[in-house]
Amino acid sequence: MNKESKIKLGISIGDLNGIGSEIIIKTFEDNRMLEFCTPVIFASIKTMSFFKKHFGSAINFHGINHTDQIIEGKVNVLNAWKENVTINFGEENVKIGEYSVKSLEKATEALKTEAIDVLVTAPIHKHNIQSENFKFPGHTNYLAEKLGGKSLMFMVTENLKVGLLTDHVPVKDVPEHITSDLIEEKINTVYNSLVKDFRISKPKIAVLGINPHAGDNGVIGNEDENVLKPTLEKIRENKKLVYGPYSADSFFGSGNYKNFDAIIAAYHDQGLIPFKTIAFGNGVNYTAGLNRVRTSPDHGTAFEIAGKGEADNGSFKEAVFAAIQIFKNRKEFETISSNPLKSRPKKI
C-alpha cells in the first residue's frame, strides 16, 4: 500500500430494512472520517440516495461501478445492483435478504482481490439471508469459507476481548463440538491475533469452563475434567500463558476478567452476555484468524427502531477504527518480523 494512500474500507450494507444504512450515514456524514480511510459502500447509488433523503442527511455519495473508480476523499458507493428496491423499515423480508447477500458477496470478492483493504459489515438478519445458494448462519461462517485461515468470533474493546470455542451452535450440541483439537485451534487463533493484530507480546488468556463451576471435578458433567483441563495442560507445556478453566458465573462479576488480555468462552451466550453487558455500544465483532480483516458492530438489525433516526452509530464507528488499526498493526508486525538485512557472503 502506498504510504500516502488511505486504507480502502469496504462496507457491506446489511439488511436494508434494518439500521445499517442509518449507522453508516451517521458515521460518514462526519467528513473527518475521510481523514482515516476511503469508504466504499457495496449497495447502489439509488438505494443510498433514498436513505440520504429519508434521514435528511447532507452526506454526498460518489457512485461507481468498479473498484478501480474509487476516489479518495469521497464516500464511494459501488453499485452491487441497479434496480430500484422497496424499503419497508422493520420488516423481515427474504427478498431484502437477497440484497444483503449481494452486497456481502461483492464486498468479499473485493477483499479477496485486495481491491479494498478491510471490510466492515453492517448487521444482517440471519433468517432473511437463507436460500439454496446461501446456507450460512452468519458472516463469520461465510467469510471462513471464502477467505484463508481459521475463523474465530472475537468480541473486542480496548480493555475487554472475548473469543468463543463455539459460536452459532445450539446449546444442546455444544459439548460434542468441543474437542481437544478445537480447543487448541481456537486458543492458538486468539493467541496469534493478540500478538499480530493487537500487538500484545506475551498475552495472558483465561478459559471459562464448559459446565457450571467448571464441572466441580466431575460432579456437574465430565467435559471439563476429560477434555478441557488436559488440553489446557498440554498448551501450557508450550509456554503459553493460558489459565483456567474458570467458573463462568463469577468470573466477570468479580472483575477477574481485568487480569487477562483475552477470555475464551465455551459457547455463544456464555461469552457474549457478559461482553455486551459490560461493553454494549462500544464493542466490535472481529473475525480473527483470517488472512483479511473484517469487523462489525456488536449489535443486530434493530428492526424495532429502524428508519426512526434513533440508532446509535457508536459501535459501527468503533468497528471502522478497529479495522483500520488492526490492518496497520498487521502491516507493522509483518515489517518487524521480516529480516531486512540481506545475507552477506562469508569472508574467506
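Refer to the structure presented above.
Note that the coordinates shown come from a computational prediction; the quantities given were computed from them, not determined experimentally.

Colleague: Honestly, the nonpolar core in this entry has me stumped. Any pointers?
Modeller: Note on soluble globular proteins: their nonpolar side chains tend to be buried together. Counting 70 residues, the largest nonpolar core has Leu9, Leu16, Phe28, Ile41, Met48, Phe154 and Val320 as its most contacted members. Among the elements that take part in this core, helix α10 (residues 314–337) stands out by supplying eight residues, more than any other. Apart from residues lying up to four places away in sequence, Met48 is in contact with Ile13, Ile25, Ile41, Ala43, Phe61 and Val77. The next biggest cluster of nonpolar side chains, apart from the first, holds 21 residues, and it includes Val101, Leu111, Leu119 and Tyr142.

Colleague: Just checking my understanding: could you explain the pairing of strand β10 (residues 262–265) for this structure?
Modeller: Along a regular strand, successive side chains alternate from one face of the sheet to the other. Neither face of β10 is exposed, since Ala262 and Ile264 on one face and Ile263 and Ala265 on the opposite face are all buried. In terms of strand pairing, strand β7 (residues 161–164) meets β10 through three bridges, oriented parallel. By the bridge assignment, Leu164 is partnered in β10 with Ala265. Where strand β8 (residues 204–208) and β10 come together, three bridges link them in parallel fashion.

Colleague: Is there a simple way to explain the packing of helix α6 (residues 180–196) against helix α7 (residues 223–236) in this structure?
Modeller: What describes two packed helices is the angle between their axes and the distance between those same axes. Where α6 contacts α7, the two axes come as close as 9 Å, and the packing angle between them is 45 degrees. By the angle between their directions, the pair α6 and α7 is classed as oblique. Considering the relative orientation of α6 and α7, their crossing is right-handed. Across the interface between the two elements, Ser180, Ile183, Glu184 and Ile187 from α6 touch Val227, Leu228, Thr231, Leu232, Lys234 and Ile235 from α7. Taken together, the residues that form the contact of α6 with α7 break down as six nonpolar, two polar and two charged.

Colleague: Could you clarify how one ought to interpret the layout of surface pockets in this entry?
Modeller: Using a probe with the size of a water molecule, rolled over the atoms, empty space left in the structure can be pinpointed. Of the pockets and cavities examined, the largest pocket occupies roughly 600 Å³. Forming the boundary of the largest pocket are 25 residues, of which Asn291, Arg292, Val293, Arg330 and Glu334 lie nearest the centre. Elements with a minimum of two residues in the lining of the largest pocket: α6, β11 (284–290) and α10. In terms of residue count, α10 provides more of the lining of the largest pocket than any other element does, five residues in total. Counted by class, the lining of the largest pocket contains seven nonpolar, seven polar and eleven charged residues. The computed volume of the second largest pocket comes to approximately 360 Å³. Considering the residues around the second largest pocket, the lining is formed by 23 residues, among which Lys126, His168, Asn285, His299 and Gly300 are closest to the centre. Secondary-structure elements contributing two or more residues to the lining of the second largest pocket are α4 (139–146), β6 (149–156), α9 (268–279) and β12 (293–297).

Basis of the calculations
- Residues numbered from 1 in each chain as written.
- Predicted model: local features only at pLDDT ≥ 70, side-chain atom pairs only at ≥ 80, totals over all residues.
- Heavy atoms only, no water.
- Core = buried A, V, L, I, M, F, W, Y, C linked by side-chain atoms within 4.5 Å.
- Buried < 20%, exposed > 50% of the residue type's maximum accessible area, 1.4 Å probe, protein only.
- Helix = DSSP H or I, 4+ residues; strand = E, 2+ residues; numbered from the N terminus.
- Contact = heavy atoms within 4.5 Å.
- Pairing = 2+ DSSP bridges.
- Axes fitted to C-alpha atoms, helices over the stretch in contact; angles between N-to-C directions.
- Parallel < 35°, antiparallel > 145°, perpendicular 65-115°, else oblique.
- Left-handed = near helix turned anticlockwise from the far one by under 90°.
- Nonpolar A, V, L, I, M, F, W, Y, C, P; charged D, E, K, R; others polar.
- 1 Å grid on protein atoms, 1.4 Å probe; cavity = no way out; pocket = protein on both sides within 12 Å on 5 of 7 lines; lining within 4 Å.
- Points joined across faces, edges and corners; volume = space filled by probe spheres on them.

Treat this as a map of the structure, not an account of what it does.
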